[in-house]
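# An overview of the molecular structure
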Amino acid sequence: MPKRLLAFVLSLLIFSLTLVSCDIESLFGGNQNRNDEIVGDGTSYTDFMNVMREIKKYGDITSEKGLTSFSEYYYSFAGASVSALRYAVETILWLKGEGGSFDDFVSDSRYAGWDRIAEINYSSPYPSYFEGLLLEVQGKSEECLDPYAVSSIMPMFPEEGLDFYYLKKMDVSALYELRDELREIEDSIYSAYSPSLTGRDWDRLYFDPEYLIALSYESVEAADYDSAFFYARQALKDDPFEPVVWHNAVMCALCAGEFALAGQWVDEGLAAFPDDEQLTDFRQMFFNILNDKEGQS
Amino acid sequence: MRKICRIASWLLAACLALSVLLLALPVKADYVPKNMAEIIGIDYDRITQKTFGGKKSYPVELKLGSVTFSGELYGEYGLSYEELNQIIYQTLADKNLTIDRIQTVGKIAAQVESEAARYWTDQVVEGVLSYLPIPLSLNSVGDYYVKVVHGETDPAVKSAIFSASKKAANAAIQRAARLGGKVGLVGRVASRVASLPGLGAVVNTAMVGSSWMDGSERFNKFQKLLEDNLAVINDFYSTCSQRAAKLVEDKDGQNTWKVRFDKRKNYRTYNCTFWGISGNMMSCTLSGELTSRDNEMIGSYTGTLWLELEAVDFSPLEANVEKTSGISPVISVLYSTGGYRKTSDSGSKTVLKVESQGTLTFYLSSSEGTVRPNVVGSLGADKEVEFSFNRHLVWRDDTWAAYGSYGETEATLNSTSLNSVHMSTFSRAYNNKGGEESRQSSETYPQDPGNVLSPLESDPVLTVYFSK
């Protein structure tokens, strides 16, 4: 739920940036054609990029404070979102006849494929949204429904909506310029953070930490601790603002034998929630082990 | 019967698991701090002024004549753990914090993981979880998981999770559908899709529905909470670092690089020739410190060393005093008559104690390999000597005993000086007719102290071994 809060803040930020800039071009997508009637109701790629740069800064701040999971949340959200737009721009360029094979055309970019980009952070609505947009601009009005629907119910879906349909009408040169600018943002994000991707199939509900916790539960019951650990880690990346996500993450890390990571999460969780009883119990558990061992020696 | 067998087999399995745990846990939980003086849970890496165990040391030798003493060149840089821990406790008290508030477990957990890697993980995991303060006897990892994450052991917890927010999700979709423009399109699409087969789960588990405005406020509060919590921890470590740095600075004001000779490690003995008699044994003990004037390893050192000498075994002298360089010419007169022989030789143990001190200065120009700086000064300039020697000897000449005549000489030798001995003699000669002739003498004879104080008289040779 706090992600929705962030989404609200981001919406405000977009609005503020728009007001401050008083730049008609930015309102209508930077270099896009002013006379283009397709321009939507308030979503410009210039504002989008500014917001993602701001989120990346949150990642830098939390990283400096040693809050690895929080910094991963910010970095990965910005990374998945920017990579999604960049991949959408590349696809439109290819649809306009640029490049040879599609794989060759996107081979210079960091991440390609919606499943792969979505895994960077499942809570970003942009991979689903742009996937739907690309289907819509190709006239696949039925196929676009599923990804559109999923993105619209995500907590991070901006309240004022998304409208990047104008990308279809942008000049090729402007699209290349936009792609290069997005690649620069990706470079700044991924030089600070390297996503750990598994290549798992994309379950469209992975954006929901409660769903992921439920999957962790099922996996633990089935003694599939590696899967439980994966789901718990995704939940932490989706929403690190709820203590139960940390409880689940620490517990699944313990189940998977990832004790060092469990300890790191206990420490980081307690930094955020110093009075949380369950995290305090986890800490006490480690000290009990240590004290017991010292008593024996 | 089947039930009894099942319970028995379960108990057997539990016993086996317990025995494995008892073997595994002591090893997997073997957290070894970098230094046993560390306070468990304190992240010493966050204190910028580090400890280095208190000092760094290099062997040093000081050669005084034939005697070699062992010392060390040591530097107390950084802080000892005792000093740093004192700062940590004081900072906790000053900031009204507890050790629990600051404790971290990262290093303990990492150690548990490295040890656990050698064992059957399931057993180790259950062993680790058994340390959780849960007042229940749980049977499996899954039980622990449910208890910890969901707070209950009821299997229905799963369905409870999945059924959450159904109404809120539907309301969110409807709300999105009422919006205009492209947003409205997406919302309308979503509301249509919600009824399609396969996407019901998407809608049912959606979490949209709470107020954005309320959420914004909560988000800001959370950010502030996080900042405040981190600020407490950061402030603690920052203050510890500042105080540690200040203490180091204060210590730098003192002289922290020294050459030290520990008295307990520098007792030596040496043989010497005294008054011309060889084979006597002396002991010597060196102690003291030379301190760097520049607070750095390289530079000028000066200080006072104490040297104590003591006679250990002067029996060669005591048994052969008549052969000493000072009086042997006199005694030889006795023996020149041919018939004299010593019939008695007694006296107390020779006492020789020397306490000496001197100021030495040297300049250490390098910290590599073997360094032999030029040493200025002497240890023999200021010394107190205590010496006591006394013997009583009797000689008798029975050459003419067959004729009823004999001669006898008694000599008493005393000295409190290393350079001389006083000897008083009384000689008598008896003839066969009962006549008697006697003669007395009393005189101080110079003696050669030889090399009895050689360590004091030798030029000190200092060697520092950086490569040892």
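Being a predicted model, the structure only gives us computed values, none of them experimental. (Residues numbered from 1 in each chain as written. Chains lettered and ligands numbered in written order. Predicted model: local features only at pLDDT ≥ 70, side-chain atom pairs only at ≥ 80, totals over all residues. Heavy atoms only, no water.)

### Digging into the overall build of chain A
- Within chain A, the secondary structure is distributed over 14 helices and zero strands.
- Within chain A, the fraction of its 297 residues that count as buried is 62%.
- Contacts in chain A between residues at least 24 apart in sequence constitute 71% of all its contacts with a sequence separation of at least 6.
- Of the roughly 10,600 Å² of accessible surface on chain A, 46% is carried by carbon and sulfur atoms. (Helix = DSSP H or I, 4+ residues; strand = E, 2+ residues; numbered from the N terminus. Buried < 20%, exposed > 50% of the residue type's maximum accessible area, 1.4 Å probe, protein only. Contact = heavy atoms within 4.5 Å. Areas by Shrake-Rupley, 256 points an atom, 1.4 Å probe, with all protein chains shown as cover.)

### Quick word on the nonpolar core
- Counting 122 residues, the largest nonpolar core has A:Phe130, A:Phe164, A:Leu167 and A:Leu254 as the members making the most contacts within it.
- Sorting elements by how many residues they give to this core places helix 4 (residues 68-95) of chain A first, with 14 residues.
- Apart from residues lying up to four places away in sequence, A:Leu167 is in contact with A:Tyr45, A:Leu85, A:Ile92, A:Lys96, A:Phe130, A:Leu133, A:Leu175 and A:Leu178.
- Grouped together as the second largest cluster of nonpolar side chains are 56 residues, B:Ile331, B:Phe389, B:Met423 and B:Leu453 included. (Core = buried A, V, L, I, M, F, W, Y, C linked by side-chain atoms within 4.5 Å.)

### Points about the pattern of salt bridges
All names here are of chain B.
- Inspection of every chain in the model, using the stated rule, returns 23 salt bridges over all chains.
- Where Glu308 meets Lys263, a salt bridge forms, and the shortest distance between an N and an O atom there is 3.4 Å. With Glu308 in strand 6 (residues 299-313) and Lys263 in the loop between strand 3 (257-261) and strand 4 (267-274), this pair connects stretches of sequence that are 45 residues apart.
- Of the residues examined, Lys263 reaches a relative accessible area of 43% and is grouped as partly exposed.
- Its salt-bridge partner being Arg428, residue Glu408 comes within 3.1 Å of it at the nearest N-O pair. Taken together, the residues Glu408 in strand 12 (residues 406-415) and Arg428 in strand 13 (residues 420-430) connect sequence positions 20 residues apart.
- Judged by relative accessible area, which is 16%, Glu408 ranks as buried.
- Among the charged side chains, a network of salt bridges with common partners joins Arg341, Arg396, Asp398, Glu408, Glu410 and Arg428. (Salt bridge = Lys/Arg side-chain N within 4 Å of Asp/Glu carboxyl O.)

### Description of the packing of aromatic side chains
- Under the counting rule described, the total for this entry stands at 36 aromatic pairs over all chains.
- Centre to centre, the rings of B:Tyr58 and B:Phe466 are 4.8 Å apart; their planes meet at 65 degrees, and the pair counts as edge-to-face. With a gap of 408 residues between them, B:Tyr58 in strand 1 (residues 56-64) and B:Phe466 in the segment after strand 15 (461-465) connect regions that are remote in the sequence.
- Given the relative accessible area of 16%, B:Tyr58 is considered buried.
- Ring pairs connect the aromatic residues A:Tyr45, A:Phe48, A:Tyr126, A:Tyr129, A:Phe130, A:Tyr148, A:Phe164 and A:Tyr166, which therefore count as one cluster. (Phe/Tyr/Trp six-rings, centres within 6.5 Å; stacked < 30°, edge-to-face > 60°.)

### Thoughts on unusual backbone geometry
- Unlike most non-glycine residues, A:Ala223 shows phi in positive territory, near 60 degrees.
- Relative to the elements of secondary structure, A:Ala223 occurs in the loop between helix 10 (209-221) and helix 11 (225-238).
- When its relative accessible area of 48% is taken as the criterion, A:Ala223 is described as partly exposed.
- Of note in this structure, B:Trp275 is not a glycine but carries a positive phi near 55 degrees.
- With respect to the helices, strands and loops of the structure, B:Trp275 is situated in the loop between strand 4 and strand 5 (277-292).
- Using a relative accessible area of 0% as the deciding quantity, one classes B:Trp275 as buried.

### Overview of the pairing of strand 4 of chain B
Residues and elements named next belong to chain B.
- As defined by bridge partners, strand 4 adjoins strand 5 across seven bridges and the pair is classed as antiparallel. Bridge assignment links Phe274 to a residue of strand 5, and that residue is Ile277.
- The turn joining strand 4 and strand 5, which pair antiparallel and follow one another in sequence, is formed by two residues; a positive phi near 55 degrees is taken by Trp275. (Pairing = 2+ DSSP bridges.)

### Brief notes about helix 6 (residues 141-150) of chain B
Residues and elements named next belong to chain B.
- Across the 10 residues that make up helix 6, a large majority, eight, are buried.
- For helix 6, the full list of buried residues reads Val141, Gly142, Tyr144, Tyr145, Val146, Val148, Val149 and His150.
- Phi turns positive, to about 75 degrees, at Gly151, one or two residues after helix 6.

### Overview of a negative patch on the surface
Residue and element names in this part refer to chain B.
- Among the surface-exposed residues, Glu310, Glu355, Asp382, Glu384 and Glu386 lie close enough to one another that they form a single negatively charged patch.
- Per element, the largest residue contribution to the negative patch is three residues, and it comes from strand 11 (residues 382-397).
- Structurally, Glu310 is set in strand 6.
- For Glu310, a relative accessible area of 37% corresponds to the partly exposed category. (Patch = residues over 30% accessible without salt bridge, like charges linked within 9 Å, V, L, I, M, F, W, Y side chains within 5 Å. Lys, Arg positive; Asp, Glu negative; His and termini not counted. Charge placed at Lys NZ, Arg CZ, Asp CG, Glu CD.)

### Thoughts on helix 11 of chain A
Residue and element names in this part refer to chain A.
- Its 14 residues place the ends of helix 11 20 Å apart at the C-alpha level, agreeing with the 20 Å of an ideal helix rising 1.5 Å per residue.
- With 12 of 14 residues buried, helix 11 is to be regarded as a mostly interior element.
- Considered for burial, the residues of helix 11 that qualify are Tyr225, Ser227, Ala228, Phe229, Phe230, Tyr231, Ala232, Gln234, Ala235, Leu236, Lys237 and Asp238. (Expected span 1.5 Å × (residues − 1).)

### So, the packing of helix 10 of chain A against helix 11 of chain A
Residues and elements named next belong to chain A.
- Relative to each other, helix 10 and helix 11 sit at 165 degrees, their axes nearing to 8 Å. Between helix 10 and helix 11, the crossing angle belongs to the class labelled roughly antiparallel. Crossing angle aside, the handedness with which helix 10 passes helix 11 is left-handed. Only Tyr225, Ser227, Ala228, Tyr231, Ala232, Gln234, Ala235 and Asp238 of helix 11 make contact with helix 10, whose side of the interface consists of Pro209, Leu212, Leu215, Ser216, Ser219 and Val220.
- Among the residues forming the contact of helix 10 with helix 11, the class breakdown is nine nonpolar, four polar and one charged. (Axes fitted to C-alpha atoms, helices over the stretch in contact; angles between N-to-C directions. Parallel < 35°, antiparallel > 145°, perpendicular 65-115°, else oblique. Left-handed = near helix turned anticlockwise from the far one by under 90°. Nonpolar A, V, L, I, M, F, W, Y, C, P; charged D, E, K, R; others polar.)

### Observations concerning the side chain of A:Ser227
Residue and element names in this part refer to chain A.
- Structurally, Ser227 is set in helix 11.
- Accessibility expressed as a relative area gives 10% for Ser227, which makes it buried.
- Looking at Ser227, its side chain comes within polar contact range of the side chain of Asp224, at 2.6 Å.
- Residues in contact with Ser227, not counting those within four places in the same chain, are Arg200 and Ser219. (Polar contact = N/O pair within 3.5 Å; in protein donor to acceptor, adjacent residues only side chain to side chain.)

### Focus: the confidence of the model for chain B
Residues and elements named next belong to chain B.
- Across chain B, pLDDT averages 76, with 71% of residues at or above 70.
- For residues 159-169, every residue scores under 50 in pLDDT, and the model assigns this stretch 18 contacts once sequence neighbours within four places are set aside.
- This stretch, residues 193-216, has a pLDDT under 50; its non-local contacts, to residues over four places away or in other chains, come to 56 contacts.
- This prediction of the complex comes with two scores: 0.57 for pTM and 0.73 for ipTM. (pLDDT = per-residue confidence, 0-100.)

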